[in-house]
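Observations on the model geometry
Chain by chain, the residues run as shown.
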Amino acid sequence: MAGHMYMTDLKTPKPGDQQKAEAIVAAAKTAMEPYQDYQKALADGYQIFLPNLPQPQYHFTKALNGLEARSHFDPLKPTSLLYKKTPDGGYKLVGAMYTDRVDATEDELNDRIPLSIARWHQHVNFCKAPMGQKAAYFGPDAKFGLLGSINTKEACEAAGGTFYPHIFGWMVHVYPYEADAKKIWATDDDDQGHDNMDHSSMPGMKMN
């Protein structure tokens, strides 16, 4: 995702940061508990993002929660629930995603979840493919999207695409069932499918 990801740096811990983060993890567990059965999440208005695309993990997103998160942080209302596909075709709940508006400052993010604990991220420099070139989102030679080689407005326009400086807003994942503290706020892909938002480079996505 070279040129397509911006992440906050880890800050120096301040008094109370760890306790605040632990409270958010506890709240995330409470928020997730009713949705161990993914059908309950669907019934409550969470929608699967790109359900037909094989992914290490799937974002079940509730638009209303995302809208409220632009102005108010409620750890009991995650914007997305994160699930892994199970062999029987169902989904296992593994985490939650919180969001903030795209122009939120790092001080505002820190007020929500301390930047000494969690690294928030944005997906940036998105070049939307022109009509007829959707195949160029995919593969090792991808040109467009978050996996594409194009990451500047000039190059995007030269290729006939539409450039977006940012897509979505700020986001952060939390995996409250993890025993290892480092994995609770994981940011890298791994064999457990943590933070696979690089798969959001697909056509048809909603861009704010």
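You'll find the structure just up there.
Below is a summary of the structure that appears in this document.

1. A few points about the environment of Pro13
Looking at where Pro13 falls in the secondary structure, it is placed in the loop between strand S1 (5-7) and helix H1 (17-32). Using a relative accessible area of 60% as the deciding quantity, one classes Pro13 as exposed. Sequence separation between Pro13 and Leu115 is 102 residues, and the spatial gap between their C-alpha atoms is 8.1 Å.

2. Here we look at the pattern of salt bridges
According to the stated counting rule, one finds 7 salt bridges in the structure shown. Between Arg101 and Asp100 there is a salt bridge, with its nearest N and O atoms 3.9 Å apart. When its relative accessible area of 26% is taken as the criterion, Arg101 is described as partly exposed.

3. Points about the sheet that holds strand S5 (residues 91-100)
Spatial ordering of the open sheet is given by S1-S6-S7-S5-S4-S3-S2, a layout of 7 strands whose pairing is antiparallel. The open sheet is flanked by S1 and strand S2 (47-48), the only strands paired with a single partner. In this sheet, strand S7 (residues 162-174) lies alongside strand S6 (residues 121-128) in antiparallel orientation, the contact comprising 6 bridges. The residue bridging Val124 from the neighbouring strand is His166, located in S7.

4. Describing the state of the cysteines
Enumeration according to the criterion identifies 1 disulfide in this entry. Note that Cys127 is cross-linked by a disulfide to Cys156, the S-S spacing being 2.1 Å. With the S-S dihedral at roughly 85°, the linkage between Cys127 and Cys156 falls on the right-handed side. With a gap of 29 residues between them, Cys127 in strand S6 and Cys156 in helix H5 (residues 153-158) connect regions that are remote in the sequence. What makes Cys127 buried here is its relative accessible area of 0%.

5. Focus: empty space enclosed by the protein
As enumerated under the stated definition, the model contains 1 cavity of 30 Å³ or more in all. If you go around the largest cavity, you meet 13 residues; those closest to its centre are Asn65, Ala69, His72, Asp74 and Lys77. Breaking the lining of the largest cavity down by element, the ones donating at least two residues are helix H3 (63-69) and S5. Grouping the constituent residues of the lining of the largest cavity by class yields 5 nonpolar, 4 polar and 4 charged.

6. A few points about the packing of aromatic side chains
Going through the model one piece at a time under the given rule, you end up with 11 aromatic pairs. Where Phe60 meets Tyr91, the ring centres are 5.1 Å apart and the plane angle is 80°; that geometry is what we call edge-to-face. Of this pair, Phe60 sits in strand S3 (residues 58-61) while Tyr91 is found in strand S5, placing the two residues 31 residues apart along the sequence. With relative accessibility at 11%, the residue Tyr91 sits in the buried group. Here a set of aromatic residues connected by ring pairs shows up, and it is made of Tyr38, Tyr58, Phe60, Tyr83 and Tyr91.

7. Remarks on the nonpolar core
Of all hydrophobic cores here, the largest spans 29 residues; its most connected members are Phe60, Leu81, Tyr83, Tyr98, Ile113, Val174 and Trp185. The dominant element in this core, judged by the number of residues it contributes, is H1, at 5 residues. Apart from the residues within four sequence positions on either side, Trp185 is in contact with Ala21, Ile24, Val25, Ile113, Ile117, Ala118, Val172, His173 and Val174. One finds Met97, Cys127, Ala129 and Phe163 within the second-largest nonpolar core, a separate group that totals 20 residues.

Cut-offs used in this document
- Residues numbered from 1 in each chain as written.
- Predicted model: local features only at pLDDT ≥ 70, side-chain atom pairs only at ≥ 80, totals over all residues.
- Heavy atoms only, no water.
- Helix = DSSP H or I, 4+ residues; strand = E, 2+ residues; numbered from the N terminus.
- Buried < 20%, exposed > 50% of the residue type's maximum accessible area, 1.4 Å probe, protein only.
- Salt bridge = Lys/Arg side-chain N within 4 Å of Asp/Glu carboxyl O.
- Pairing = 2+ DSSP bridges.
- Disulfide = S-S within 2.5 Å.
- 1 Å grid on protein atoms, 1.4 Å probe; cavity = no way out; pocket = protein on both sides within 12 Å on 5 of 7 lines; lining within 4 Å.
- Points joined across faces, edges and corners; volume = space filled by probe spheres on them.
- Nonpolar A, V, L, I, M, F, W, Y, C, P; charged D, E, K, R; others polar.
- Phe/Tyr/Trp six-rings, centres within 6.5 Å; stacked < 30°, edge-to-face > 60°.
- Core = buried A, V, L, I, M, F, W, Y, C linked by side-chain atoms within 4.5 Å.
- Contact = heavy atoms within 4.5 Å.

Interpretation note: all reported values are geometric properties and have no functional meaning in isolation.
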